[in-house]
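What follows is the residue order along each chain.
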Amino acid sequence: MAHRYKVREIAQQAGLSEATVDRVLHGRPGVREDTRAEVEQAVEDLDKQRTQLRLNGRKFFVDVVMQAPERFCAEVRTALEAELPTLSPALVRARFHFRETESVDDAVATLAGIRGRGSHGVILKAPDRPEVAAAVDDLVAGGIPVVTYVSDIPTSARVAYVGIDDRAAGATAGYLVDRWFGRGDEDAAVLVTLSHDSFRAEGEREAGFRRALRDLAAAEHRPPRRVVDIAQSSGLDETVEDLVTQALQRDPAVAGVYSIGGGNAATVRAFARSGRPCRVFVAHDLDTDNRRLLAEGALSAVLHHDLRADVHRACRLLMQAAGAVTGVRTGSSPVHVVTPYNVPG
């Protein structure tokens, strides 16, 4: 066991004698497992207390830069503002830079402006483009850590990515859609709606989706289900509705949807206008629209992850990069399959 504190400190925290603590720290025999556990817990508690003292009175200004539909930006803002008090005793303040549509040049300019003004860290959802990666590298070189959020830019110097395993999420959607159709529906096609092909997360989800459809078809010795793509919608309702309507007019076999890029209310309207049933509809994120569509039966299932937990971890990773905390985990966030019968509060 690490000997980070004086034996007397650990003994006082654990409520044990110094001799007992010394035996545990040096791995000597004759110590019960529950006593060893008490000493380990005492060391863990001292670590937490030291972190609290280190954070007391510290202020962090975090910039949140996102290109996403307003409805998703609003969900992220609500999640982050709910989590900020839980980061005490540090005082964390957020500055938001949200755009529904944004060119790569605009994203680079936003990041350059943050570097010029200064920041304790950036939470970023932006296109995976070389120019954006270079702007991230400039921020990090200037002492401003960056955490990519929801969609990664892995070639950049970002300190971590916070989000789901997008390929696994896409494969889950492929499994749900294919099983929902069932046998006898092999000719039914699936519409995949994307917001923009420059977001890495969307490409990963589509790749996982297509791979699952191929694997399921191969296992049953049949051709894979046909996929029809819609891209460059920016997830905006008006654009999505027009593009889905056009796709339905072109292809009478489309009978299901996997929504990667959003605009789901618009997709439902397009099916209704076309007089076509949507037999299975899988989407991402429990925003206000998707909760309503689930309750109405328009969505079959939503692949959901906890935005509050993710933004909390993103902030802690930025604080860790500043040396204020330690032990913040990395790795993918869990994905939950939500139906009308298990919608979280």
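Residues numbered from 1 in each chain as written. Predicted model: local features only at pLDDT ≥ 70, side-chain atom pairs only at ≥ 80, totals over all residues. Heavy atoms only, no water.

Each helix and strand counted, the protein chain has twelve helices and eleven strands in total. Its C-alpha atoms put the protein chain at 80 × 50 × 35 Å along the principal axes. A total of 345 residues make up the protein chain; the buried ones form 48% of that total. When contacts within the protein chain are restricted to residue pairs at least 6 apart in sequence, long-range pairs at least 24 apart make up 68% of them. Each charge class in the protein chain can be summarised by its mean position, and for the 44 positive and 48 negative side chains these summaries are 4 Å apart. (Helix = DSSP H or I, 4+ residues; strand = E, 2+ residues; numbered from the N terminus. Buried < 20%, exposed > 50% of the residue type's maximum accessible area, 1.4 Å probe, protein only. Contact = heavy atoms within 4.5 Å. Lys, Arg positive; Asp, Glu negative; His and termini not counted. Charge placed at Lys NZ, Arg CZ, Asp CG, Glu CD.)

Pairing is mixed in the open sheet, where six strands are placed in the order 7-6-8-9-10-11. The outermost strands of the open sheet, each flanked by one partner alone, are strand 7 (227-230) and strand 11 (336-338). With direction set aside, neighbouring strand axes in the sheet form an average angle of 20 degrees. Note that strand 6 (residues 189-193) and strand 7 share four bridges and pair parallel. Within strand 7, the residue paired with Val-192 across the bridge is Asp-229. (Pairing = 2+ DSSP bridges. Axes fitted to C-alpha atoms, helices over the stretch in contact; angles between N-to-C directions.)

Let us now look at the pattern of salt bridges. Applying the stated rule across the entire model yields 26 salt bridges. The residue Arg-222 makes a salt bridge to Asp-178 at a minimum N-O spacing of 2.6 Å. Placement of the pair is Arg-222 in the loop between helix 8 (200-219) and strand 7 and Asp-178 in helix 7 (residues 166-181), with a sequence separation of 44 residues. This pair shows no difference in class: Arg-222 is buried, exactly as Asp-178 is. Among the salt bridges present, the one from Glu-241 reaches Arg-269, with a minimum N-O distance of 3.0 Å. One end of the pair, Glu-241, is in helix 9 (residues 237-250); the other, Arg-269, is in helix 10 (residues 264-274), with 28 residues separating them in the sequence. Residue Arg-269 is classed as partly exposed on the basis of its relative accessible area, which comes to 37%. Three or more residues are tied together by salt bridges with common partners; here these are Asp-178, Arg-179, Glu-220, Arg-222 and Arg-225. (Salt bridge = Lys/Arg side-chain N within 4 Å of Asp/Glu carboxyl O.)

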